[in-house]
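# Commentary on secondary and tertiary structure
Listed here are the chains, written in short residue letters.
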Amino acid sequence: MDKSVYQVYEDEIQSLEEEIKLLAEKYEDIQHESSFFSDEEVQKSKEFFQREFQGGHKGHGSQLYLIQELESLERDLSFSMNFLGVQITGHSKKTLEKTAIRTVATHSVSGKCRFLSFCLEFQLTETQNMYNVSASITDLSIAMESGQQSELSKLVSSYLKENRPGYEK
Amino acid sequence: MEGERNSDEKESALRGRSPTTASQDGGERMSEVPFAQRKVEEGKVYSGDGVLGYLEMMEAQAHELGLKQEEKEQQEKKLNRLKARVQELRARRDELRAKVELQEKRLLDKEGTVTDPAQPSAQTVLEWKLKGVRATIQFFYLTGISGKLTTQGVCFCISTAYEGTYMDSYYVDILTKPEVKIQLHSVPVFIPLEQIAKKYLQTDIRHFLSVLSDHLNAYVGRRHQAEQLEEQFSDRIEGTLQRNSLCNLLVFNYNVSKNSKTFLFNVRLLYGDLCHSLPTEAIISCTSGTLPLLAEKAAAHSYAFRHMALHKAFDSLINAKEGQDQTP
């Protein structure tokens, strides 16, 4: 029997597996990006598992690991924020495009840099190439609280202009 | 004993059964009989060995046919497996597609957040939160300086970028007790890390990281420009581009023309400020005696190299509009 007969099926299997992977990721992304749970709800969920575990219920090992992982990452994040003096109060992401090679998402970040409130938006494009994933940022916009006018907003807008492609620092 | 066995095999071959396959599945194969008859009819009688030779040939052919039959069955089995797998995957793919479409429809119908109408499980909430925290950590990574707590201190990550595209990341693992000290790092050896650490590490870690980040960003910027020049203009550069590891010294040659004559320019770029990705000096020289003639052009080229990214400067120079000087 000709090998090419298998190849047709094997190619389709591979393409279906890729498509399934992308669809599953897309579903997870939409699910995540359209959900919101308050800090109270997060705290209640943590306490729920901790109570269950203390109560001697078996089978919650993975959830406890989840809590540990979450708390460890939150500590790292808190450290970075304190170290750099930037507190992030909100961060949302919307995936615009996702293929096997490329992911494009817009990010909205709001926070406070010392005493200055800001709102940052940008588009992040991640491209899979031969050895690694390359990332680039486009459409960066920075908005600052209108109260803090003059010098700082001038600095920000001149920075944005300078950092368009074509300019050199 | 052997003779007996041989004659048995030959007998079964004559009857149309291949010895090997018969022992494997115990069944009889009838297809070999007509084949044998055909062979006789075609006149292929091995008169040399007589009947014995003929029987041996029959046996070999029956054996071969048996193998082919087996192979055919294996192939069919494999094909059926593949077909079944394709069906299974298609069904799963269609199921996921429907799920995603439903999700998207729900989003459009109900602006804003779409939390599951049923009470979300604690697991869902925590997984959501974890994913969100990871995303914010990635954001900090994108800002250029981020840190991860270790048992004895902090491991900082400096991510570099040039013109909006991220380049390499470098790590500095710092101990904080009993004193502030660099334990491990992935900073290249030609970056003056020790010097920078000596100056700032003990007094102001933030400043230390900021200065180190400037050095690293400038380095990757210079390296990127040199790589782009080589990649995009290898045909316009005479010989090879020479550079040091730190990419703060670049030398290359290219041809310029004036009055229908071709001259070779040698460019020496010196990046005096290691925190900058533009050269502080761009020295252009050419074969002795011709410089006075080309002084204006050399000055213009030098200016371009000092004020624009290398590959972009070169691009503009070789594509300059034909003026009095004609094309470079």
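Thresholds, definitions, all that
Residues numbered from 1 in each chain as written. Chains lettered and ligands numbered in written order. Predicted model: local features only at pLDDT ≥ 70, side-chain atom pairs only at ≥ 80, totals over all residues. Heavy atoms only, no water. Pairing = 2+ DSSP bridges. Helix = DSSP H or I, 4+ residues; strand = E, 2+ residues; numbered from the N terminus. Axes fitted to C-alpha atoms, helices over the stretch in contact; angles between N-to-C directions. Contact = heavy atoms within 4.5 Å. Expected span 1.5 Å × (residues − 1). Buried < 20%, exposed > 50% of the residue type's maximum accessible area, 1.4 Å probe, protein only. Arc of directions from axis to C-beta. Phe/Tyr/Trp six-rings, centres within 6.5 Å; stacked < 30°, edge-to-face > 60°. Lys NZ or Arg CZ within 6 Å of the ring centre and 35° of its normal. Core = buried A, V, L, I, M, F, W, Y, C linked by side-chain atoms within 4.5 Å. UniProt positions renumbered as here; feature names shortened; annotations may be inferred. Salt bridge = Lys/Arg side-chain N within 4 Å of Asp/Glu carboxyl O. Polar contact = N/O pair within 3.5 Å; in protein donor to acceptor, adjacent residues only side chain to side chain. Nonpolar A, V, L, I, M, F, W, Y, C, P; charged D, E, K, R; others polar.

### What to know about the sheet that holds strand S5 (residues 237–243) of chain B
Residues and elements named next belong to chain B.
- Strand order in this open sheet of 4 strands is S5-S6-S7-S8, and the pairing throughout is antiparallel. Edge positions in the sheet fall to S5 and strand S8 (281–286), since each has one partner strand and no second. Going across the sheet, the axis of each strand differs from the next one's by a mean of 25°, ignoring polarity.
- As defined by bridge partners, strand S6 (residues 249–258) adjoins strand S7 (residues 261–270) across 10 bridges and the pair is classed as antiparallel. Residue pairing in the sheet places Val256 in a bridge with Phe263 of S7.
- Together, S5, S6 and S7 form the strand contacts of helix H9 (residues 310–318), whose direction differs from that of S6 by roughly 10°.

### Considerations on helix H2 (residues 39–54) of chain A
- For H2(A), built from 16 residues, the straight-helix expectation of 22 Å at 1.5 Å per residue is met to within 8% by its first-to-last C-alpha distance of 22 Å.
- Those residues of H2(A) that sit buried are A:Val42, A:Ser45, A:Lys46 and A:Phe49. Along the long axis of H2(A), the arc covered by the buried residues comes to 95°, so they all point the same way. Among the exposed residues of H2(A), those pointing more than 90 degrees away from its buried face are A:Glu40, A:Lys44, A:Arg51 and A:Gln54.
- Those residues of H2(A) hidden inside the fold are in contact with helix H3 (61–84) of chain A together with helix H5 (122–143) of chain B.

### Here's the deal with the packing of aromatic side chains
- For the structure on display, the rule yields 16 aromatic pairs over all chains.
- Residues A:Phe36 and B:Trp128 carry aromatic rings whose centres are separated by 5.7 Å and whose planes lie at 80° to one another, so their mutual orientation is edge-to-face. You can see A:Phe36 sitting in the loop between helix H1 (3–33) and H2 and its partner B:Trp128 sitting in helix H5, one on each of two chains.
- On the basis of relative accessibility, which here comes to 15%, the residue B:Trp128 falls in the buried class.
- Judged by centre distance (6.0 Å) and plane angle (75°), the ring pair of B:Phe139 and B:Phe140 falls under edge-to-face. Accessibility assignment for this pair places B:Phe139 and B:Phe140 in one class, buried.
- In textbook terms, an aromatic cluster arises when at least three aromatic residues are bridged by ring pairs, as seen for B:Phe233, B:Phe252, B:Tyr254, B:Phe265, B:Phe305 and B:Phe314.
- Above the ring of A:Tyr6, the side-chain terminus of B:Lys78 is found at 4.3 Å from the ring centroid.
- Taking the ring centre of A:Tyr27 as reference, the NZ or CZ of B:Lys99 above it sits at 4.6 Å.

### Regarding the environment of B:Ile145
- Here B:Ile145 is to be found in strand S1 (residues 145–149).
- Spatially, the C-alpha atom of B:Ile145 lies 7.0 Å from that of B:Phe156, the residues being 11 residues apart in sequence.
- When residues no more than four places from it in sequence are discounted, the contact partners of B:Ile145 are A:Leu84, B:Phe140, B:Phe156, B:Cys157, B:Leu209, B:Ser210 and B:Ser213.

### Some words on the pairing of S6(B)
All names here are of chain B.
- Of all 10 residues in S6, 7 are buried, a share of seventy percent or more.
- Pairing of S5 with S6 involves 4 bridges; the strand directions are antiparallel. Directly across from Gln242, in S6, lies its bridge partner Val251.
- Taken together, S5 and the strand that follows it, S6, pair antiparallel across an intervening segment of 5 residues, in which Cys247 is found at a positive phi of about 55°.

### Here we look at the nonpolar core
- The biggest cluster of nonpolar side chains holds 29 residues, and the ones touching the most others in it are A:Ile88, A:Phe122, B:Leu126, B:Phe139 and B:Phe140.
- Elements with a minimum of two residues in this core: H2, H3, strand S1 (86–98), strand S3 (116–128) and strand S4 (133–144) of chain A together with H5 of chain B.
- Not counting the four nearest positions on each side in its chain, A:Phe122 is found in contact with A:Ala105, A:Thr106, A:His107, A:Val109, A:Ile137, A:Thr138, A:Asp139, A:Leu140, B:Phe139 and B:Leu142.
- Among the nonpolar cores identified, the runner-up in size contains 27 residues, and B:Val154, B:Ile174, B:Ile191 and B:Leu246 belong to it.

### Structural notes on the UniProt feature "coiled-coil region" (unreviewed entry) in chain A
- Here, UniProt's "coiled-coil region" (unreviewed entry) annotation points to residues 6–33 of chain A.
- As annotated, residues 6–33 of chain A comprises 100% helix and 0% strand, and the C-alpha atoms at either end are separated by 40 Å.

### Details of the pattern of salt bridges
- Applying the stated criterion across every chain, the model contains 24 salt bridges over all chains.
- Ionic pairing is found between B:Arg223 and B:Glu227, a salt bridge with its closest N-O pair at 3.9 Å. A residue pair is termed a helical-turn pair when its members lie 3 or 4 positions apart in one helix, as B:Arg223 and B:Glu227 do in helix H7 (residues 205–233) at 4 residues.
- Among the residues examined, B:Arg223 registers a relative accessible area of 16% and is labelled buried.
- Judged by its relative accessible area of 33%, B:Glu227 falls in the partly exposed class.
- Beyond isolated ion pairs, a larger network of salt bridges with shared partners links A:Lys21, A:Glu25, A:Asp29, A:Lys98 and B:Lys131.

### Notes on H3(A)
- Its 24 residues give H3(A) an end-to-end C-alpha distance of 35 Å, which sits within 8% of 34 Å, the value for a rise of 1.5 Å per residue.
- Of all the residues in H3(A), the buried ones are A:Gln63, A:Leu64, A:Leu66, A:Ile67, A:Leu70, A:Leu73, A:Asp76, A:Leu77, A:Phe79, A:Ser80, A:Met81 and A:Phe83.
- Where the residues of H3(A) are buried, they touch H2 and S1 of chain A together with H5, S1, strand S2 (153–162) and H7 of chain B.
- Remark: A:Gly85 follows H3(A) within two positions and exhibits a positive phi of approximately 75°.

### Re the interface of chain B and chain A
- Facing the 64 residues of chain B at the interface are 64 residues of chain A.
- Counting across the interface, chain B meets chain A through 10 salt bridges.
- Between B:Lys148 and A:Asp76 there is a salt bridge, with its nearest N and O atoms 2.9 Å apart.
- The tally of links from chain B across to chain A stands at 18 residue pairs in polar contact (both at pLDDT 80 or more).
- Looking at the side of chain B that touches chain A, the elements that each hand over two or more residues are helix H4 (50–109), H5, S1, S2, strand S3 (165–175) and H7 of chain B.
- The element that contributes the greatest number of residues to the side of chain B that touches chain A is H5(B), accounting for 20 residues.
- Of the residues in the side of chain B that touches chain A, the class split is 31 nonpolar, 16 polar and 17 charged.

### Details of the packing of H7(B) against H9(B)
Residues and elements named next belong to chain B.
- One can describe the packing of H7 onto H9 by two numbers: an axis separation of 7 Å at closest approach and a directional angle of 35°. Contacts between H7 and H9 involve Gln225, Ala226, Gln228, Leu229, Gln232 and Phe233 from the former and Leu310, His311, Phe314, Asp315 and Ile318 from the latter.
- Tallied by class, the residues present in the contact of H7 with H9 amount to 6 nonpolar, 4 polar and 1 charged.

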